[in-house]
Amino acid sequence: MACRLRTATRTAAFAAANPTSGLMAPAASVSLSRPSVCFRMSTSRLFGSSTTRTSLPGITNLEGHPVYFGKHTVTLIPGDGIGMEMSKAVKSIFAAANVPIEWEQFDLSGLSQEVDEKLLAQATDSIRRNRVALKGILYTPISKHGHTSLNVFFRKDLDIYASITLIKNLKGNWPTRSKEVDLAIIRENTEGEYSGQEHAPVNGVVESLKVVTRAKTERIARFAFDFALKNGRKKVTAIHKANIMKIGDGLFLNVCREVAKKYESSGIKFDDMIVDNAAMQLVSKPNQFDVIVCGNLYGNILSNIGAALVGGPGIVPGANIGRDYAVFEPGCRHVGMDLQGRNAANPTSLLLSSLHLLRALDLHSYADRISQALFEALAAGANLTPDLAGKHTTTEFTADIISRLK
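All values reported here derive from a predicted model rather than from experimental measurement.

**Q** Pulling in residues and values, what's your account of unusual backbone geometry?
**A** Here Asp-159, not a glycine, exhibits a phi torsion of approximately 55°, which is positive. Note that Asp-159 resides in the loop between helix H4 (150-157) and strand S9 (162-168). With relative accessibility at 30%, the residue Asp-159 sits in the partly exposed group. For Arg-333, which is not a glycine, the phi torsion comes out positive at approximately 60°.

As C-alpha cells, then:
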C-alpha cells in the first residue's frame, strides 16, 4: 500500500547498529507548529562528489528550503523496481554518517492500475515546500493508453527544465569500453518529443507532435553554456536532426548558435552534430565531447550510450534543475524491474545523485565523507554488485561503504 512516512536522521544509532539491514527505525512524529529557519542557499551550488564537483547554474529561488533545528527537510520518492532498495541503502548510509536530513517519503508507483492522485498531490506539494527532492524512477507502462508518465509529470509541473547526466569513468576494476570519459549531457526536459501531444485523426493514423520553442531552447542553451563556464568546460556541442526536421530542429540549432556567440569571449567553443552521427561518435571517440546540449529524446538515448561506455547505468548520476526546484535522480532513468527484490541492485547512481543534493544544500563535509567511502569501496572491488562484475549484494556493498566512513 502506498504510504507517506517521515524519517529523520536521528535514527542514526539504529542504522549504525544494523548497517546491513537497509532499514531505519520510524521517527517520532514532528509537530507542524515547531519553529522553522529559512535556509539561504549559496548562489554557486555544487553538483558532484569530492572528485567531480560541478557547479549548477540556473537555480535562483531555493531560499525557502526549510531547516528545522539544524535538519534539512528533503522529499524522497523511492520509485518503482529497484528504487526502494536503493533508497534504503542511501538512507542507511546517510544515517551512519549523521547527515542532518529529514526525509518526507512518498511511495508513489506507476505500477498501479490508477494513479493515486491524493498521494501524487502530497508528493508534489512536498517538493514545492522543500524545494529539493531525491527521486527514483517511476514505472511507465508501454501499452496502457492515456497513462501519463509520472516522471514527465514532475518535470513539467515543476518546470525542472534542465536534465543533467554526468558520464565519467570511476576508478575500479570492472570492464569498460572507454577510458578517461568525462562529459555532461544536458537535455531540455519539458518539450520536444515528450510533449505528450498525440492523436489519431483517422483510424490507423497517429500524429505525434514534437514541440520546439525559441524561449525554452534559449533557456536550455544558456544553461548549457553557463554550466560550461562555471565548471571550466571548453566546448558545447548541440545535437540535432536539422537536416531532416528543418523547422523544428532547425530552430533549436539556430538558437544554440545565437547563444554561443554571447560566450565566445569566454573561450567556450561551439559545434554541432547530427544525432545519428553523434551516437556513433560517442561510441568511437567519446573524448571529443565535453558538454552536450540537446532535446529530450536525443539526450535520453545518448545518456544510455554514455552509461554503457563507463560501466552501466548503476554508476551514472543525474539531476533535474529549474528556477525554483531541484530533483535529483539516477541519470539513465532505469526502473530495473528485472532486479527488483533480488538484493542485487547497485545503489551508486542514486547515492551519487544524493551527494549532489547535499552539495546543493552546502553540506559539503558530509558529501566529502560519503563520496570518499564510496570511491574507496568501488576501487577496492571487494563487494561489488553483479553489474560491475561483482558477486555481492546491495546490502553487502552498502555495508562496505558504511564501514569506510571516516
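**Q** Quick one: what's the story with the packing of aromatic side chains, residue by residue and with numbers?
**A** As enumerated under the stated definition, the model contains five aromatic pairs in all. Centre to centre, the rings of Phe-153 and Phe-154 are 5.6 Å apart; their planes meet at 65°, and the pair counts as edge-to-face. Residue Phe-154 is classed as buried on the basis of its relative accessible area, which comes to 2%. Each residue in the set Phe-225, Tyr-263 and Phe-270 is aromatic and connected to the rest through ring pairs, giving one cluster. Its guanidinium or amino end placed over the ring of Tyr-161, Arg-219 lies 3.8 Å from that ring's centre, counting from NZ or CZ.

**Q** Mind laying out helix H9 (residues 348-360), listing which residues take part and the relevant values?
**A** Along its 13 residues, H9 runs 18 Å from first to last C-alpha, staying within 8% of the 18 Å computed at 1.5 Å per residue. In terms of residue burial, H9 counts as a mostly covered element, since 13 of its 13 residues are buried. One or two residues past the end of H9 sits Asp-362, with phi positive at roughly 65°.

**Q** How would you explain the pairing of strand S17 (residues 326-330) if you had to name every residue and give the values?
**A** Consecutive side chains of a regular strand alternate in pointing toward one face of the sheet and then the other. Burial analysis of S17 places five of its five residues in the buried class, which makes it a mostly covered element. Taken together, the three bridges between strand S8 (residues 132-135) and S17 define a ladder with parallel strand orientation. Counterpart to Val-132 in the pairing with S17 is Ala-326. Note that strand S16 (residues 317-321) and S17 share five bridges and pair antiparallel. Pairing of Asn-320 across the sheet is with Val-327, part of S17.

**Q** Pulling in residues and values, what's your account of empty space enclosed by the protein?
**A** Counted by the stated rule, this structure contains one cavity of 30 Å³ or more. Approximately 120 Å³ is the volume attributed to the largest cavity. Lining the largest cavity are 15 residues, with Gly-192, Val-212, Phe-252, Gly-295 and Asn-296 positioned closest to its centre. Elements with a minimum of two residues in the lining of the largest cavity: helix H6 (248-261) and helix H8 (296-310). The class makeup of the residues in the lining of the largest cavity is six nonpolar, four polar and five charged.

**Q** Residue-level account of the packing of helix H7 (residues 275-284) against H8, with values.
**A** The interhelical angle for the contact between H7 and H8, taken along N-to-C directions, is 15°, at an axis separation of 10 Å. What the angle tells us is that H7 and H8 run roughly parallel. Handedness of the H7/H8 crossing: right-handed. Residue-level contacts link Val-275, Ala-278, Ala-279, Leu-282 and Val-283 of H7 to Tyr-298, Leu-302, Ile-305, Gly-306 and Leu-309 of H8.

**Q** So what about the environment of Pro-386? Which residues, and what values?
**A** By secondary structure assignment, the location of Pro-386 is in the loop between helix H10 (364-380) and helix H11 (394-403). According to the relative accessible area criterion, Pro-386 is partly exposed, its value standing at 45%. When the C-alpha positions of Pro-386 and Asn-346 are compared, they lie 8.1 Å apart, and in sequence the two are 40 residues distant. Setting aside chain neighbours within four positions, we find Pro-386 in contact with Ala-344 and His-392.

**Q** Describe in detail H11, supporting the description with residues and values.
**A** Of all 10 residues making up H11, seven are buried, and the element is well covered by its neighbours. All buried positions along H11 are accounted for by Thr-394, Phe-397, Thr-398, Ala-399, Asp-400, Ile-401 and Ile-402. Where H11 is buried, its residues contact helix H2 (83-96), H9 and H10.

**Q** So what about the nonpolar core? Which residues, and what values?
**A** In this structure, Phe-94, Ile-101, Ile-239, Leu-358, Ile-370 and Leu-378 are the most contacted members of the largest nonpolar core, which totals 87 residues. Beyond its immediate chain neighbours, meaning those up to four positions away, Ile-370 contacts Ile-93, Phe-94, Ala-97, Val-99, Leu-351, Leu-355, Leu-358 and Leu-405. By size, the runner-up hydrophobic cluster in this structure holds 15 residues, among which are Leu-108, Ala-123, Leu-138 and Leu-150.

**Q** Please set out the packing of H10 against H11 residue by residue, giving values where relevant.
**A** The contact between H10 and H11 brings their axes to 8 Å, and the two run at 125°. Considering the angle they form, H10 stands oblique to H11. H11 is crossed by H10, and the crossing has right-handed handedness. Facing H10, whose interface residues are Ala-373, Leu-374, Ala-377 and Leu-378, H11 presents Phe-397, Asp-400 and Ile-401. Looking at side-chain class alone, the contact of H10 with H11 contains six nonpolar, no polar and one charged residues.

Rules used in this analysis
- Residues numbered from 1 in each chain as written.
- Predicted model: local features only at pLDDT ≥ 70, side-chain atom pairs only at ≥ 80, totals over all residues.
- Heavy atoms only, no water.
- Helix = DSSP H or I, 4+ residues; strand = E, 2+ residues; numbered from the N terminus.
- Buried < 20%, exposed > 50% of the residue type's maximum accessible area, 1.4 Å probe, protein only.
- Phe/Tyr/Trp six-rings, centres within 6.5 Å; stacked < 30°, edge-to-face > 60°.
- Lys NZ or Arg CZ within 6 Å of the ring centre and 35° of its normal.
- Expected span 1.5 Å × (residues − 1).
- Pairing = 2+ DSSP bridges.
- 1 Å grid on protein atoms, 1.4 Å probe; cavity = no way out; pocket = protein on both sides within 12 Å on 5 of 7 lines; lining within 4 Å.
- Points joined across faces, edges and corners; volume = space filled by probe spheres on them.
- Nonpolar A, V, L, I, M, F, W, Y, C, P; charged D, E, K, R; others polar.
- Axes fitted to C-alpha atoms, helices over the stretch in contact; angles between N-to-C directions.
- Parallel < 35°, antiparallel > 145°, perpendicular 65-115°, else oblique.
- Left-handed = near helix turned anticlockwise from the far one by under 90°.
- Contact = heavy atoms within 4.5 Å.
- Core = buried A, V, L, I, M, F, W, Y, C linked by side-chain atoms within 4.5 Å.

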